[in-house]
Structures are given as structure tokens and as C-alpha cells.
Amino acid sequence: MGQGHEVVVFGAYGHTGRFVVRELLERGFVPVLSGRDADKLKELASSVPGPVPRPASVDDPASLDRALAGAAAVVNCAGPFAATAGPVIEAALRAGIPYVDVAAELEAIVDTFTHFSDRARVAEAVIVPAMAFYGGLGDLLVTAAAGDWTEADEAHIAYALSGWHPTAGTRASGAVSRQRRDGRRLRYTNGELEYRQDAPPTLQWSFPEPMGARTVIGEFTMADVITVPRHLSVPDVSSYMTVEAAREVTAPDTPAPSAADEQGRSDQTFLVDVLVRSGGIERRAVARGRDIYAVTAPLVVEAVDRILSGRTRTVGVAAAGAMFDAPDFLRALSSHVSFEVLPARQQAGALGR
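A brief look at the structure comes next. On a predicted model such as this, the values are computed, not experimentally measured, just so you know.

Helix and strand counts for the chain come out as 12 helices and 16 strands. Projected onto its principal axes, the C-alpha positions of the chain cover 55 × 45 × 40 Å. For the chain, the proportion of its 353 residues judged to be buried stands at 54%. Put simply, 71% of the contacts in the chain that link residues at least 6 apart link residues at least 24 apart. Summed over its atoms, the accessible surface of the chain is roughly 14600 Å², and 49% of this surface lies on carbon and sulfur atoms.

So this is what it looks like as C-alpha cells:
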């Protein structure tokens with residue numbers, strides 16, 4: 001458990017940040033509230049026991065240093081991460097503490113690996129980007145499904161969401177990503193990221209029963225296509241999204257998520273179905289749960305707990321599956337996510353399009 005360690009939550013007053021603060025408290029950590037809006041921090045602090053809030057801005061390195069002083073780790077929940085990840089990582093390196101974020105912006109995650117891998121390795125620092133529903137959970141599931149495979153022919157991550165009401169942060173991060181890639185979409189194929197101008201394909205995905213076959217948007221590229229190839233040799237990584245959820249998240253008039261229980265979770269449910277193929281053999285893992293934003297909190301806090309207790313596998317910038325024992329990590333989330341690895345089988349055939 002947290003044993004009273006202070007953990008800075010940058011962007012603590014955001015939708016996901018509030019879930020992270022609550023989870024830290026429940027796990028015995030002391031959350032240090034930080035972010036650029038002092039008034040929002042003060043309002044949140046009135047209901048959260050712990051240190052005095054520490055306002056900080058990514059444009060003011062000294063303020064970040066003050067915010068991280070004496071802390072055991074920092075969790076960055078403030079998007080767009082294209083603007084926040086670099087400065088907060090720099091501050092974490094100066095403070096000599098681990099950094100974890102919940103980024104789902106593909107370009108920002110690539111930037112973290114590109115700009116900080118060498119420095120973090122030399123410093124024996126721990127930096128885990130995308131330790132969230134997208135990126136973290138999918139990466140852990142692919143790693144668990146792969147088992148003793150260190151390479152495979154293909155990895156597929158299919159998302160079935162009952163709906164997707166995006167937060168303001170999701171919309172802002174998405175806008176930054178679209179701007180950075182000039183409106184193009186991305187896919188990971190033949191061992192590299194490829195920009196595309198055409199529309200993504202639509203196909204049928206056979207989810208586990210009782211859900212069964214559903215229409216999905218193919219090449220609905222999420223953070224998993226960045227994290228998985230960083231530690232598994234898989235030349236083709238694809239992610240998919242049920243069409244209903246894809247339409248909701250892109251519609252300009254879809255409302256933000258609303259609380260449906262005392263924990264603040266929405267009534268959204270999810271199923272993540274992962275398929276890894278190699279040499280004609282398929283390995284599969286499945287996870288089910290509720291509220292993709294809320295479930296990010298136990299994912300990121302479990303990561304912090306394992307880092308601070310020395311239950312890690314490497315140093316430097318690393319994806320979740322490379323940093324942690326994936327099956328053990330997923331089993332530790334049993335009160336939040338149901339997880340199973342299905343028996344391996346002969347490849348059933350090409351995916352339909």
C-alpha cells in the first residue's frame with residue numbers, strides 16, 4: 001500500500017485527476033494536488049486531506065520544482081500532453097522521482113519515448129507514459145496474451161464500449177493530435193507508423209459471447225499501437241472500436257460523462273478483446289469493466305505502487321507490459337477489471353472487412 005508516500009497529481013482537478021486522487025487516498029498514499037488553476041486546486045483541496053495545494057505551470061519550471069519537492073512520484077493527468085508531458089518529465093528528472101502519465105495522444109507518447117529514453121536509462125529513472133485505459137490496459141492485455149512470445153506476426157486490440165461521452169480533456173487532446181498530423185489518421189503496419197488520408201475500414205469483430213459479432217471501425221488507432229511495439233516485436237498492431245462509440249466520441253454535441261454511482265463513475269461499460277497471432281496460433285485475452293476514465297485511476301495507482309515498492313522489470317521510458325509483470329498486474333485489478341486469458345487455438349482465418 002501507499003505507506004504515506006506523497007504523490008503529486010498534476011491536473012488533479014480534471015475529470016481523470018479526481019479519480020486518481022481518490023484512488024491514491026484509498027491506497028494509503030498522500031496526494032499532492034497540483035496544476036495551473038489555483039482556484040480549482042483550492043476548491044478540490046477543501047474536500048481532500050493532505051498537504052496544501054501546490055499550483056504549478058508547465059511554463060514555469062521553478063513552480064514545477066516546488067510542486068514536486070519531497071514527493072515520491074508524480075502522476076501527470078493534465079492534457080493536452082503535447083504541452084505538459086515534456087516539462088513535467090523534466091521536473092521529475094530534476095527531482096529524481098518516477099513519472100507516470102495517462103496520455104492517449106499518440107504523438108505525445110512517441111515524443112516521450114524519443115526525447116527521454118536515453119536520458120532516463122542513464123539516470124536509471126522510471127518513466128511510464130500512457131498508463132491508462134488506452135495504452136496501459138491494452139498493452140498489459142497484449143503482453144499477457146502473448147505469454148512467452150517475445151515476437152508475433154500480429155496483435156489486435158478490439159474495444160467494445162457501451163457508449164463514449166468524451167471529457168473536455170479528451171476533446172482538447174484529440175484536437176491537438178489532429179492538428180499535429182494535419183487531419184490524417186495513423187496505423188501501425190510493417191513495423192512503422194503510416195499516415196493515411198483515406199477513411200478507415202469497417203469490419204465485423206467476433207467478441208466473446210454473449211456480445212458476439214459487432215461492427216467496428218478498423219484501424220481506429222489508439223495508444224496501444226505505440227506502446228506494444230516498444231517491447232514486443234510485432235510488425236502489425238491494429239486497434240478497433242465499435243461504431244456506436246466511435247460516432248459518439250467524434251460527434252460535437254455528445255455530452256461529457258455524468259456520474260451514475262457514489263464513486264462518480266458513469267454507467268459506461270467496456271470489453272477489451274485482444275488477439276495475438278504467430279505462426280498460425282492465436283492467443284487471446286479479455287478484460288471487462290466500467291467507465292474508461294474511472295478505471296484509469298486503479299491502473300495508474302497500481303503502477304505507482306509497484307514502482308515505489310520495486311516491483312518493476314526495467315528502467316528508463318517503458319510501456320506498462322515492459323515495466324511490470326502483466327498477468328500479475330491485471331490480477332491485482334480484480335476489483336475493477338475482470339481479466340482472463342483464453343486457451344490458445346489454431347488461427348481461425350483473416351479478419352473480415
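Following the sequence through the fold, D224 ends up in helix α8 (residues 224-227). No salt bridge is formed by the buried D224; its nearest oppositely charged neighbour, R181, is found at 12 Å. If we ignore the near neighbours within four places in the chain, the residues touching D224 are Y134, G135, G138, D139, I157, Y159, P229, V237 and S239.

Attention now moves to the sheet that holds strand β5 (residues 99-101). One open sheet accounts for seven strands, arranged β3-β2-β1-β4-β5-β6-β15; its pairing is parallel. Strands at the two margins of the open sheet, each flanked by one partner only, are β3 (54-55) and β15 (316-317). Note: strand β4 (residues 73-76) against β5, three bridges, orientation parallel. Considered in β5, the bridge of V74 is made with Y99. Where helix α10 (residues 296-308) meets the sheet, it contacts β1 (6-10), β4, β5 and β6 (126-128), and its direction lies at approximately 160° from that of β4.

Another aspect to go through is the packing of aromatic side chains. The geometry of an aromatic ring pair is captured by the separation of the ring centres together with the interplanar angle, meaning the angle of the planes. Here the structure, examined in full by the defined rule, presents eight aromatic pairs. For the pair F133 and Y159, a centre-to-centre distance of 5.5 Å together with 50° between the ring planes defines the contact as tilted. With F133 in helix α6 (residues 133-146) and Y159 in strand β7 (residues 154-161), this pair connects stretches of sequence that are 26 residues apart. Look at F133 and you get buried, because its relative accessible area is 1%.

Right, let's talk about the pairing of strand β9 (residues 192-196) for a bit. When strand β8 (residues 185-189) meets β9, the two strands line up antiparallel, connected through five bridges. Looking across to β9, one finds that R185 is bridged to R196.

Core analysis: the biggest nonpolar cluster contains 110 residues, and M131, F133 and W164 have the highest contact counts within it. Among the elements that make up this core, the one with the highest residue count is α6 (nine residues). When neighbours within four sequence positions are excluded, M131 is seen to be in contact with V100, D101, V102, G136, L140, T296, L299, V300, A303, A320, F324 and F329.

If you check helix α7 (residues 168-180), its first and last C-alpha atoms are 19 Å apart, about what 13 residues at 1.5 Å a residue would give, namely 18 Å. Listed as buried for α7 are S173, G174, V176 and S177. The arc that holds the buried residues of α7, viewed along the axis, is 160°, so those residues lie on one side. Residues A168 and Q179 are exposed on α7 and point more than 90 degrees away from its buried face. Elements in contact with the buried residues of α7: α4 (81-95) and α5 (106-123). Looking one or two residues past α7, D182 carries a phi angle of roughly 55°, positive in sign.

Attention shifts here to the packing of helix α1 (residues 15-26) against α10. Think of two packed helices as two axes; the pair is described by the angle between the axes and how far apart they sit. Interaxial distance between α1 and α10 falls to 8 Å at its minimum, and their mutual angle equals 55°. The angle between the axes of α1 and α10 places the two elements in the oblique class. Note on packing geometry: the crossing formed by α1 with α10 is right-handed. On α10, the residues touching T16, F19, V20, E23 and L24 of α1 are T296, A297, P298, V300 and V301.

Let us look at unusual backbone geometry. A cis amide bond, omega -5°, links G79 with the succeeding residue P80. With respect to the element layout, P80 can be found in the loop between β4 and α4. Following E209, the chain continues to P210 via a peptide bond in cis, the omega torsion being 10°. For N190, which is not glycine, the phi dihedral falls at a positive 55°.

In this section: the pattern of salt bridges. Per the counting criterion, the structure on display carries 28 salt bridges. We note a salt bridge from R54 to E6, for which the minimum N-O separation is 3.4 Å. Residue R54 is found in strand β3, and its partner E6 is found in strand β1; the two are separated by 48 residues along the sequence. A salt bridge links D305 to R311; the nearest nitrogen and oxygen atoms lie 2.5 Å apart. Take D305: its relative accessible area is 7%, and that puts it in the buried class.

Parameters and conventions
Residues numbered from 1 in each chain as written. Predicted model: local features only at pLDDT ≥ 70, side-chain atom pairs only at ≥ 80, totals over all residues. Heavy atoms only, no water. Helix = DSSP H or I, 4+ residues; strand = E, 2+ residues; numbered from the N terminus. Buried < 20%, exposed > 50% of the residue type's maximum accessible area, 1.4 Å probe, protein only. Contact = heavy atoms within 4.5 Å. Areas by Shrake-Rupley, 256 points an atom, 1.4 Å probe, with all protein chains shown as cover. Lys, Arg positive; Asp, Glu negative; His and termini not counted. Salt bridge = Lys/Arg side-chain N within 4 Å of Asp/Glu carboxyl O. Pairing = 2+ DSSP bridges. Axes fitted to C-alpha atoms, helices over the stretch in contact; angles between N-to-C directions. Phe/Tyr/Trp six-rings, centres within 6.5 Å; stacked < 30°, edge-to-face > 60°. Core = buried A, V, L, I, M, F, W, Y, C linked by side-chain atoms within 4.5 Å. Expected span 1.5 Å × (residues − 1). Arc of directions from axis to C-beta. Parallel < 35°, antiparallel > 145°, perpendicular 65-115°, else oblique. Left-handed = near helix turned anticlockwise from the far one by under 90°.

Everything listed here is a matter of geometry and, on its own, says nothing about what the molecule does.
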